[in-house]
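Reading the structure
The residues making up each chain are set out below.
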Amino acid sequence: MKRSVLVTLLFTLSVGTAYAENVATPIPIGIGVAQTSNVALLGEEEVVGAKIAEKYFNAHGGINGTPFKLIFQDTGGDEAGAINSFQNLINRDKVVGIVGPTLSQQAFSADPVANRAKVPVLGPSNTAKGVPQIGEYVGRVSAPVAIVAPNALKQAIKEHPGIKKVAVLYAQNDAFNTSESGTFQETVKKMGLQIATLQKFQTTDTDFTSQVTAVLGANVDLAIVSGLSADGGNLVKQLRQMGYKGPIIGGNGLNTVNIFPVCGKYCDGILIAQAYSPSADPKNVINAAMAADYRAKYKKEPPQFTAQTFTAVQVFVEALKKVEAVTKKKITQLDLGKVREELNKQIRTGSYITPLGKISLDHEGEIHQENFYVAKIKMDANGKTGKYVYLK
Ligand code: 1QQ
């Protein structure tokens, strides 16, 4: 062999190995959700769901016999934290895909980072309009507000057929709350009801005197609050303290028992639409398994954000198995870039039986889900503890 040919061959081989980077074992899947900040009130339920899924699916053989490992990177509550978390997961931890972030507001900043790096993202709780359209590598397992939120309004009208005048309040500095409130406003009008007052606030606000005064002045039959847990919970509390007696609908940002310490006894009666029910279908084995594990650990019913994050991990696990089937290779024998690309495709094929019921993701990464529910918060006499009661 000529020396120049040998040099070229060696050069090609060494460059080749430098660029081809196989997936590590156990297979790393990233979890980028809020573990600190106010948003951790929502994110902590997501961490729990991810961990239950990790244990469950590894006990059931992982990815065709290869275990996977979740890598957690806290996003905090803002955009910069989410971007940082995603960059670490992508470049340092070399994950095959990312479950996160917690808020749509964060997704609009962090998801483009993953999309450019061609790393599949599954939003566990990003429900604003437009999230799957961020890019080819962005999907979600959290049904959009346009589908979920109207269910709460229908329930309120069923319980209070006399509702005519409605107060709509929302946090205008947050993408999800703006989107959700838009859906509520459209639905109110579609149902022939009147928006008697539309009030805006900030997720950082703590004093809602001016908004509540306007609601009381408008003499409404229903108040609809789109805020995050801390601000939304405080708003509900101040509505009640200042004398509002009618029904209250809370949006997805209030959908956690972590609002109980914020609004206390005044949380009682809030109606919130749900994309999950812990006892949806007795034949759904995975719904029952997740709920049983959660109940054993926490002595209460599992919440929606836990179930959605479990589901996101499940979709990655099942799609990784499909990648092995189509490539006829183990994930760990494949180049990381190739796995990410093929995984993104496989996520969007077929359907999944999950704690949320049967779901699928379309070519845009949007979830299609069959069943939705509404729950009402029932506080105990102590005004501190309580639960979500699912309504028919
Ligand atoms: C979003 C949401 C959050 C309130 C969930 C935690 O639905 O930001 O889209």
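Look up: the structure comes first, before these words.
The following refers to the structure shown.

Glancing now at the sheet that holds strand E4 (residues 121–123). The strand order across the open sheet built from five strands is E2-E1-E3-E4-E5, with neighbouring strands paired in parallel fashion. Two strands in the sheet have a free side with no partner beyond their single neighbour: strand E2 (68–72) and strand E5 (138–140). Examined bridge by bridge, strand E1 (residues 27–31) and strand E3 (residues 98–99) share two bridges and lie parallel to one another. When the sheet's bridge partners are listed, Ile31 is paired in E3 with Val99.

Peptide bonds are mostly trans, and most non-glycine residues show a negative phi. The residue after Thr25, namely Pro26, is reached through a cis peptide bond having omega -5°. Tracing the backbone through its elements, the reader meets Pro26 in the loop between helix H1 (3–19) and E1. Backbone torsion omega between Gly100 and Pro101 reads -15°, so that peptide bond is classified as cis. Locating Pro101 in the fold gives a position in the loop between E3 and helix H4 (104–116).

What the rule picks out here adds up to two cavities of 30 Å³ or more. In this structure, the largest cavity occupies an estimated 110 Å³ of space. Surrounding the largest cavity, 15 residues form its lining, Val148, Ala149, Glu180, Asn252 and Ala273 being those nearest its centre. For the lining of the largest cavity, the secondary structure elements donating two or more residues are helix H5 (145–148), helix H7 (175–190), strand E10 (271–274) and helix H12 (304–327). Across the lining of the largest cavity, the residue classes break down as eight nonpolar, six polar and one charged.

In the vicinity of the ligand, the residues found are Leu42, Thr102, Leu103, Ser104, Ser125, Asn126, Thr127, Ala128, Phe176, Asn252, Gly253 and Phe305. Within the backbone of Ser125, an N or O atom sits 3.2 Å from an oxygen atom of the ligand. Its free accessible area being 290 Å², the ligand has 100% of it covered by the protein chains. Mapping the ligand onto the cavity grids shows that it belongs to the second largest cavity. In terms of residue class, the shell around the ligand is made up of five nonpolar, seven polar and no charged. There are two domains that each give the shell around the ligand at least three residues, and those are domain 1 (3–143 + 284–361) and domain 2 (147–274 + 373–391).

Thresholds applied
Residues numbered from 1 in each chain as written. Predicted model: local features only at pLDDT ≥ 70, side-chain atom pairs only at ≥ 80, totals over all residues. Heavy atoms only, no water. Pairing = 2+ DSSP bridges. Helix = DSSP H or I, 4+ residues; strand = E, 2+ residues; numbered from the N terminus. 1 Å grid on protein atoms, 1.4 Å probe; cavity = no way out; pocket = protein on both sides within 12 Å on 5 of 7 lines; lining within 4 Å. Points joined across faces, edges and corners; volume = space filled by probe spheres on them. Nonpolar A, V, L, I, M, F, W, Y, C, P; charged D, E, K, R; others polar. Near = heavy atom within 4 Å. Polar contact = N/O pair within 3.5 Å; in protein donor to acceptor, adjacent residues only side chain to side chain. Areas by Shrake-Rupley, 256 points an atom, 1.4 Å probe, with all protein chains shown as cover. Sits in = over half its atoms within 2 Å of the grid points. Domains from an automatic or database assignment.

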